[in-house]
Amino acid sequence: MDYTITALPGDGIGPEVVAEAIKVLHAVGARYGHTFTIREALIGGIAIDQTGTALPEATVAACQDCDAVLLGAVGGPKWDDPNAKVRPEQGLLGIRKALGLYANLRPVTLHPLLLDASPLRPERLVDVDLLVVRELTGGIYFGEKRREQDAQGEWASDLCVYTQAEVERIVRLAAGLARQRHGHLTLVDKANVLETSRLWRSIATRIMREEFSDLQYDWMLVDACAMHLLRRPSDFDVIVTENMFGDILTDEASMLAGSMGMLPSASLGSGKMGLYEPIHGSAPDIAGQGKANPLATILSTALLLRYSLGLEQEARAVEAAVSAVLEAGIVTGDIARGEQRAHSTVEVGSAVASRI
Ligand code: NAD
Ligand code: IPM
Ligand code: MN
């Protein structure tokens, strides 16, 4: 089959890790008889520099006319002026919204060989296998923003809004995934303080009682969740949570897996089309040095093959090749331990591609 993939490399290490993921996709194509046509488009800081906007219309059009989107990362110090009118991150938020990708799946799995790459004690990490389902197109990220000046000085506000329909669709999706996994859903909120969280909790509790009574369901306040993720991470199966809490908790959860460079994600909407990206950012501190771990992006292509293209065998081949590369000790510096040499981004990507 022929598939068209829109690649949005973005900024910093984005182009470095996306190049390796594309290398792996072509290896999958060669092995299984598919053709992946890659169309590159601009997003983020590079798009601002070249077009004046973080999300050019041509990029939206390319993403609407393809089978799936593969994204690197956006942002960096060059565009970080807090008074700037255009920001790279607007491109990322804009494309998620434009494509209706309301569900961001962030699986956290550990390769047994990486148990000692995490700062946590290995015995805490045995059996960790969790999935964070992050709401992606609502909440405080998308509510009205204001920055004003009055007689007392400056003030600013970010409005957090959730509608019943937004909460219902993400809870149903997360519960459906829990049913296919270990049958346990945890709602994470701040219902002791936030009205939006109280709406989430009442809707989720009703849906779980009426439609998913076969599942184990509980809720947890987000501050406690941040602690429990370190204390007893293997107790979680599926976590469903709002946009900002999901963002923060998954950076924390990445350290269970040893590095930000290990966690992939899939952003899905109502159709097959999806956007796939590592959870990490543009890592300005290591950009351009060949040090970035490409595995999060490569594992994101496995999710792309699985969810948008329905190619389960190919997805597993990518995941197996990643495991084989870890077993061979071909790893970047962020997860290298003991005597292991820190390999380059390109070396790791090539090693995965050659094992497909
Ligand atoms: P970051 O995720 O870019 O980096 C955090 C730390 O993790 C850094 O020390 C970095 O070197 C390390 N790291 C990240 N990815 C790695 C990889 N693949 N291999 C090895 N180490 C890796 O977060 P930050 O520094 O807070 O943000 C930098 C910029 O990225 C900001 O402009 C931010 O807005 C943007 N950002 C973008 C995305 C995205 O595009 N999806 C996500 C997060 C942050
Ligand atoms: C992520 C990032 C983005 C987010 C930023 C860059 C807008 O942190 O994808 O995790 O907060 O969603
Ligand atoms: Mn983030």
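Residues numbered from 1 in each chain as written. Chains lettered and ligands numbered in written order. Predicted model: local features only at pLDDT ≥ 70, side-chain atom pairs only at ≥ 80, totals over all residues.

If you look the protein chain up in an unreviewed UniProt entry, it shows as 3-isopropylmalate dehydrogenase from Oscillochloris trichoides DG-6. According to its UniProt record, the protein chain has this under Catalytic activity (unreviewed entry): "(2R,3S)-3-isopropylmalate + NAD(+) = 4-methyl-2-oxopentanoate + CO2 + NADH". Quoted verbatim from the Function (unreviewed entry) field of UniProt, the annotation for the protein chain is "Catalyzes the oxidation of 3-carboxy-2-hydroxy-4-methylpentanoate (3-isopropylmalate) to 3-carboxy-4-methyl-2-oxopentanoate. The product decarboxylates to 4-methyl-2 oxopentanoate." (UniProt positions renumbered as here; feature names shortened; annotations may be inferred.)

Asker: Please explain the site of ligand 2 as it appears in this structure.
Answerer: Close contacts around ligand 2 come from Gly75, Glu89, Leu92, Leu93, Asp247, Ile279 and Gly281, and that covers them all. Ranked by residue count, the leading element in the shell around ligand 2 is helix α4 (residues 88-98), at 3 residues. Its residues placed into classes, the shell around ligand 2 shows 3 nonpolar, 2 polar and 2 charged. (Near = placed C-beta within 6 Å. Helix = DSSP H or I, 4+ residues; strand = E, 2+ residues; numbered from the N terminus. Nonpolar A, V, L, I, M, F, W, Y, C, P; charged D, E, K, R; others polar.)

Asker: What is the right way to read the sheet that holds strand β11 (residues 264-268) from this model?
Answerer: Strand pairing in a sheet relies on backbone hydrogen bonds. The paired strands run either parallel or antiparallel. Read across the sheet, 10 strands follow the order β2-β1-β3-β12-β11-β4-β5-β10-β8-β9 without closing on themselves; strand pairing throughout is mixed. In this open sheet, the two edge strands, each paired with only one partner strand, are β2 (35-40) and β9 (216-221). Strand-to-strand, the axes of this sheet are offset by a mean angle of 25°, without reference to chain direction. In this sheet, strand β10 (residues 238-241) lies alongside strand β8 (residues 184-189) in parallel orientation, the contact comprising 4 bridges. (Pairing = 2+ DSSP bridges. Axes fitted to C-alpha atoms, helices over the stretch in contact; angles between N-to-C directions.)

Asker: It is not clear to me how the confidence of the model for the protein chain should be interpreted in this structure. Could you clarify?
Answerer: Should the pLDDT be low somewhere, the predicted coordinates at that spot are not to be read in detail. On average, residues of the protein chain score 97 in pLDDT, and 100% of them reach the 70 mark or higher. Highest mean pLDDT in the protein chain belongs to β10 (99); lowest belongs to helix α5 (residues 122-125) (92). Listed scores for the predicted complex are pTM 0.98 and ipTM 0.98. (pLDDT = per-residue confidence, 0-100.)

Asker: Teacher, can you tell me more about the site of ligand 1 here?
Answerer: Near ligand 1 lie 23 residues; those nearest to it are Gly75, Gly261, His280, Gly281 and Asn293. Looking at the shell around ligand 1, its residues break down into 11 nonpolar, 8 polar and 4 charged.

Asker: Mind showing me how you'd approach the packing of helix α1 (residues 14-32) against helix α11 (residues 312-327) here?
Answerer: Each pair of packed helices can be described by the angle between their axes along with the distance between the axes. The geometry of α1 relative to α11 is characterised by a closest axis approach of 11 Å and an angle of 125° between their N-to-C directions. It follows from the interaxial angle that α1 and α11 lie oblique. The two elements α1 and α11 cross, and the hand of that crossing is right-handed. Within the contact between the two elements, α1 uses Val24, Val28 and Tyr32 and α11 uses Glu314, Ala317 and Val318. Here the residues of the contact of α1 with α11 sort into 5 nonpolar, no polar and 1 charged. (Parallel < 35°, antiparallel > 145°, perpendicular 65-115°, else oblique. Left-handed = near helix turned anticlockwise from the far one by under 90°. Contact = placed C-beta atoms within 7 Å.)

Asker: What am I meant to see in the UniProt feature "site: Important for catalysis" (unreviewed entry) in the protein chain here?
Answerer: The UniProt record annotates "site: Important for catalysis" (unreviewed entry) at Tyr141 and Lys190. Relative to the helices and strands, Lys190 resides in the loop between β8 and α7 (195-211). With 18 C-beta atoms packed within 10 Å, Lys190 lands in the partly exposed category. Every residue in contact with Lys190, bar those within four places of it in the chain, is listed here: Ser197, Leu221 and Val222. (Buried ≥ 20, exposed ≤ 12 C-beta atoms within 10 Å, placed from the backbone.)

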